[in-house]
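What follows is the residue order along each chain.
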Amino acid sequence: MTFLKGSKLYSIFTGTCPVCQEESMYKEPNPYKISKLFDMHERCSNCHTKYKMEPSFFFGAMYVSYAVGIAFGFAAFVISYWLFQLSLLNTFIAIVITLIVFMPVIIRWSRNIWVNFFFSYDPKKAKSEI
């Protein structure tokens, strides 16, 4: 994934700081540890970027999660209905299972996308550039 370093996609998929892309924004990198799913560092230890710009900042990520969930559901539909040629009922069950299984990933990616709307990569703040 290092070939994407410097792009917003790198920060979105890895959950790293959107400014320096050196440190994870999350205290626990595994999104499937549900009790720590929302635990984030307040600031980046490298570039000191504050992730929450205001109280309730990540409420906007709910709108992003809707779009990301639709994308996951559509992918599940295409794979189950067209690729495996399952019935509509089984396709619906596959979509529901997909959304439940990937819910922690959808939540994290939505937060990552939301925070990347407001910050951009700055190569001057990366450790390797200092």
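Residues numbered from 1 in each chain as written. Predicted model: local features only at pLDDT ≥ 70, side-chain atom pairs only at ≥ 80, totals over all residues. Heavy atoms only, no water.

A look at the pattern of salt bridges
Link 1 in the chain: Tallied over the entire structure, the rule returns two salt bridges.
Link 2 in the chain: Two residues, E28 and K33, come together in a salt bridge whose shortest N-O distance is 3.9 Å. (Salt bridge = Lys/Arg side-chain N within 4 Å of Asp/Glu carboxyl O.)

Quick look at the side chain of T16
Link 1 in the chain: Among the structural elements, T16 can be located in the loop between α1 (8–14) and α2 (61–83).
Link 2 in the chain: For T16, a relative accessible area of 9% corresponds to the buried category.
Link 3 in the chain: Among the polar contacts made by the side chain of T16, one reaches the side chain of T14 at a distance of 3.1 Å.
Link 4 in the chain: In this view, T16 contacts Y10, S11, Q21, E23, S24 and M25; residues no more than four positions away in its chain are not counted. (Helix = DSSP H or I, 4+ residues; strand = E, 2+ residues; numbered from the N terminus. Buried < 20%, exposed > 50% of the residue type's maximum accessible area, 1.4 Å probe, protein only. Polar contact = N/O pair within 3.5 Å; in protein donor to acceptor, adjacent residues only side chain to side chain. Contact = heavy atoms within 4.5 Å.)

Remarks on a nonpolar patch on the surface
Link 1 in the chain: Residues Y32, L89, F92, I93, V96, I97, I100, V101 and F102 make up a contiguous nonpolar surface patch of roughly 830 Å² in combined accessible area.
Link 2 in the chain: Topologically, L89 is positioned in helix α3 (residues 88–101).
Link 3 in the chain: Among the residues examined, L89 registers a relative accessible area of 57% and is labelled exposed. (Patch = residues over 30% accessible without salt bridge, like charges linked within 9 Å, V, L, I, M, F, W, Y side chains within 5 Å. Areas by Shrake-Rupley, 256 points an atom, 1.4 Å probe, with all protein chains shown as cover.)

Quick look at α2
Link 1 in the chain: For α2, which comprises 23 residues, the first-to-last C-alpha distance of 31 Å matches the rise-based estimate of 33 Å (1.5 Å per residue) to within 8%.
Link 2 in the chain: Within the span of α2, buried status applies to A61, V64, V68, G69, F72, G73, A76 and S80.
Link 3 in the chain: Residues of α2 that are buried sit in contact with α3 and α4 (103–118).
Link 4 in the chain: Phi turns positive one or two residues past the end of α2, at Q85, with a value near 55°. (Expected span 1.5 Å × (residues − 1).)

A short note on the packing of aromatic side chains
Link 1 in the chain: Within this structure, the stated rule accounts for 10 aromatic pairs.
Link 2 in the chain: Here the aromatic rings of F72 and F102 are separated by 5.2 Å at their centres, their planes lie at 45°, and the arrangement is tilted. Note that F72 is positioned in helix α2 and F102 in the loop between α3 and α4, a separation of 30 residues in sequence.
Link 3 in the chain: You can call F72 buried: its relative accessible area is 16%. (Phe/Tyr/Trp six-rings, centres within 6.5 Å; stacked < 30°, edge-to-face > 60°.)

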